[in-house]
Amino acid sequence: MPPEEARQFRDAVLSIVSQIPRGRVTTYGTIATLTGWPSHSRMVGRTLRYTPGAERLPCHRVVNAAGRTAPGWGGQIVLLHAEGVRFKRHNVVDLSKHFWVPEEE
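Below is a summary of the structure that appears in this document. Because the structure is predicted, anything quoted here is derived from the model rather than measured. (Residues numbered from 1 in each chain as written. Predicted model: local features only at pLDDT ≥ 70, side-chain atom pairs only at ≥ 80, totals over all residues. Heavy atoms only, no water.)

**Regarding the pattern of salt bridges**
- Tallied over the full model, the rule gives six salt bridges.
- Measuring nitrogen to oxygen at the nearest pair gives 3.8 Å for the salt bridge that ties Arg56 to Glu55.
- For Arg56, a relative accessible area of 69% gives the class exposed.
- One salt bridge in this structure joins Asp94 and Lys97, with 3.4 Å as the shortest N-O distance.
- Overlapping salt bridges, with partners in common, bring together Arg22, Arg61 and Glu83 in one network. (Salt bridge = Lys/Arg side-chain N within 4 Å of Asp/Glu carboxyl O. Buried < 20%, exposed > 50% of the residue type's maximum accessible area, 1.4 Å probe, protein only.)

If you want it as structure tokens, here you go:
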């Protein structure tokens, strides 16, 4: 991905994440699709992890396609629980209740 497209991708990821409402989650793949790069879900995760300032966004509201939280980040589960997000077995988010996609304009 050329540098200018990478910047546009990063900005789009951060914008989408900033919109995720309290008590809702979305997936890396959904964010990648919304940016126009549907095969770049792993890059969404890297963007959230390595972009300075991203920690001020509700990154804890992003999970994988199965509803699993980020490995090694136990605080994510705590934050989601505090927002009323329900989990199924093995700390998997109940996507049928909490999945969010921005409304189309």
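**Observations concerning the packing of helix H1 (residues 3-19) against helix H2 (residues 28-35)**
- It is the contact of H1 with H2, at a shortest axis distance of 9 Å, that shows an interaxial angle of 125 degrees. What the angle tells us is that H1 and H2 run oblique. The way H1 lies across H2 gives a crossing that is right-handed. For the pair H1 and H2, the contacting residues are Phe9, Ala12, Val13, Ile16 and Val17 in the first and Ile31, Leu34 and Thr35 in the second. (Axes fitted to C-alpha atoms, helices over the stretch in contact; angles between N-to-C directions. Helix = DSSP H or I, 4+ residues; strand = E, 2+ residues; numbered from the N terminus. Parallel < 35°, antiparallel > 145°, perpendicular 65-115°, else oblique. Left-handed = near helix turned anticlockwise from the far one by under 90°. Contact = heavy atoms within 4.5 Å.)

**Description of the nonpolar core**
- Core analysis: the biggest nonpolar cluster contains 16 residues, and Val13, Val17, Tyr28, Ile31, Val44, Leu48 and Val62 have the highest contact counts within it.
- Elements represented by at least two residues in this core include exactly H1, H2 and helix H3 (41-50).
- Apart from residues lying up to four places away in sequence, Val13 is in contact with Ile31, Thr35, Val44, Thr47 and Leu48.
- Listed in part, the seven residues of the second largest apolar core include Ile77, Leu80, Phe87 and Val93. (Core = buried A, V, L, I, M, F, W, Y, C linked by side-chain atoms within 4.5 Å.)

**Focus on the environment of Gly84**
- Mapped onto the elements of the fold, Gly84 is located in the loop between helix H4 (74-82) and strand S3 (87-88).
- By relative accessible area, Gly84 is classed as partly exposed at 42%.
- Linking Gly84 and Pro38, residues 46 residues apart in sequence, is a C-alpha distance of 29 Å.

**Brief notes about H2**
- Every buried residue belonging to H2 is among Tyr28, Thr30, Ile31, Ala32 and Thr35, and all of these are buried.
- Looking at the buried side of H2, the elements it contacts are H1, strand S1 (26-27), H3 and strand S2 (62-63).
- One or two positions beyond H2, positive phi appears at Gly36, with a value near 95 degrees.

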